[in-house]
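A structural walkthrough
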Amino acid sequence: MEGKKPIVMSGIRPTGYLHLGNYFGAIRNYVRMQDEFECFFMVADLHSLTTHPDTKELKVNVHRVLAENIACGLNPDKATFYCQSHIYETAELYLYLNMLAYKGELEKTVTFKDKVRQQPDNVNAGLLTYPVLQAADIILHRASLVPVGKDQEQHLEMARNFVNRYNHRYGNVFPEPQAFNYNVELVKVPSLDGSGKMSKSENQMSTLYLADSDEMIRKKVMKAKTDNGPTETNSKKPDYIENMFLLMRLVSEQDVIDKFESNYNNCNIRYGDMKKQLAEDMVKFIAPIREKVEGILGNESYLKQIMETGAEKARQSAKATMEIVRQSMGLNYF
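What this report covers is the structure whose coordinates are included nearby.

Now for the packing of helix α1 (residues 20–33) against helix α13 (residues 271–297). The geometry of a pair of packed helices is captured by two quantities: the angle between their axes and the separation between those axes. Between α1 and α13, the least distance of the axes is 12 Å, while the angle of their chain directions is 70 degrees. The orientation of α1 with respect to α13, classified from their angle, is roughly perpendicular. Note that α1 runs across α13; the crossing there is left-handed. In contact with L20, Y23 and F24 of α1, α13 contributes M282, F285 and I286. Each residue belonging to the contact of α1 with α13 can be placed in one class, and the counts come to six nonpolar, no polar and no charged.

Next comes the structure, spelled out in structure tokens:
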């Protein structure tokens, strides 16, 4: 075991197009992690069924998530990149962990309460036990590091609770998973209308998707919220203006950013010029990713090969874990 790389595990739901926030908030870190850790990155198609039970477009969505992640730099030769539903051991471990999860604690999770408000006619058991399945995904590979944002910290805390209950009852099998993001604050990419962060499903005209055409990128950026500009030198920026500078810091050259910072501080900023610059820099950033995605999506045999190879690697890890689990629980009857 000495010298073995720490194991990282993360997943993304195939419920919409990836956007700039997904890239800077998660995928960019995945690309770095794959060189430093043993990584398992999962397309969480089973999780998506809790809110998207209609599966007509699921295959297309899974293919898109695979293609977009690979186009952004994820390397299936370095990381294990697989679909959740292809690893049958996940369902078995999920079942065992459900015996260690309590109805009261599951009902208190913030995400469950949010989903109940959003979809009152579809409060299914999978929605309630979502954190249990998430814990199974993580510990199936005995991962100790999980790159998560603030909205998933409660789920990770619950995963640690399930691990501790399991270890207390059946022996020390699983490490406690910890949040990990290189000790840096996660980038929260703001929406173009100044209200919250970019989203897969909400405020689509205020979100820059990796699939957006050049014209659509320009159109969205030009509609970004601005005002008449500052009237006093070195004024504090309103949130929506600071958001526009934040977006520029993600994709523009430093001298460009400095120029518009100076213009703002000297009260002679022209937001129309700033938006045009930001739009062109966004096009320059997103267009190569979009073109790579289109090329990958056009090669279905390549996607099939990626999924088969990823499933085989993930199953090896899952099978080894479940042999230990059955042994520790006393489920080895012959």
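Moving on to the environment of Y264. The topology assignment puts Y264 in helix α12 (residues 254–265). In this structure Y264 comes out as buried when scored by relative accessible area, which is 2%. Within the local environment of Y264, its side chain forms a polar contact with the backbone oxygen of K236, the two atoms lying 3.5 Å apart.

Residues L20 and L208 are the most contacted members of the largest nonpolar core, which totals 60 residues. No other element matches the 10 residues that α13 contributes to this core. Discounting residues that sit within four places of it in the chain, L20 has contacts with V189, M198, L208, L210, L247, M282, F285 and I286. In this structure, A136, I138, V146 and A159 belong to the second largest nonpolar core, which totals 39 residues.

What follows is about the packing of aromatic side chains. Under the defined criterion, the tally for this structure stands at nine aromatic pairs. Both rings, one in Y17 and one in Y209, keep their centres 6.4 Å apart while their planes meet at 70 degrees; by these two values the pair is edge-to-face. Linking Y17 in the loop between β1 (7–12) and α1 with Y209 in the loop between β5 (178–179) and α10 (214–222), this pair joins segments that are 192 residues apart in sequence. Under the relative-accessibility criterion, Y17 is labelled partly exposed at 41%. Overall, the relative accessible area of 6% leaves Y209 in the buried class. In textbook terms, an aromatic cluster arises when at least three aromatic residues are bridged by ring pairs, as seen for Y23, F24 and F285. Across the ring face of F245, the terminal group of K237 is positioned such that the distance to the ring centre comes to 4.7 Å.

Turning our attention to the side chain of N181. Here N181 lies in the loop between β5 and α10. Among the polar contacts listed, one links the side chain of N181 to the side chain of N29, at a separation of 3.5 Å.

This brings us to the pairing of strand β2 (residues 38–43). When you tally the buried positions in β2, you get five out of six residues, the bulk of the element. Here six bridges tie β1 to β2, and the two strands are oriented parallel to one another. The partner of M9 across the bridge, within β2, is F40. In terms of handedness, the path from β1 via α1 over to β2 forms a crossover that is right-handed. For β2 and strand β3 (residues 80–83), the ladder comprises four bridges, and the chain directions are parallel. Pairing of M42 across the sheet is with Y82, part of β3.

Procedures and definitions
Residues numbered from 1 in each chain as written. Predicted model: local features only at pLDDT ≥ 70, side-chain atom pairs only at ≥ 80, totals over all residues. Heavy atoms only, no water. Axes fitted to C-alpha atoms, helices over the stretch in contact; angles between N-to-C directions. Helix = DSSP H or I, 4+ residues; strand = E, 2+ residues; numbered from the N terminus. Parallel < 35°, antiparallel > 145°, perpendicular 65-115°, else oblique. Left-handed = near helix turned anticlockwise from the far one by under 90°. Contact = heavy atoms within 4.5 Å. Nonpolar A, V, L, I, M, F, W, Y, C, P; charged D, E, K, R; others polar. Buried < 20%, exposed > 50% of the residue type's maximum accessible area, 1.4 Å probe, protein only. Polar contact = N/O pair within 3.5 Å; in protein donor to acceptor, adjacent residues only side chain to side chain. Core = buried A, V, L, I, M, F, W, Y, C linked by side-chain atoms within 4.5 Å. Phe/Tyr/Trp six-rings, centres within 6.5 Å; stacked < 30°, edge-to-face > 60°. Lys NZ or Arg CZ within 6 Å of the ring centre and 35° of its normal. Pairing = 2+ DSSP bridges. Right-handed = clockwise from strand over helix to strand, strands pointing away.

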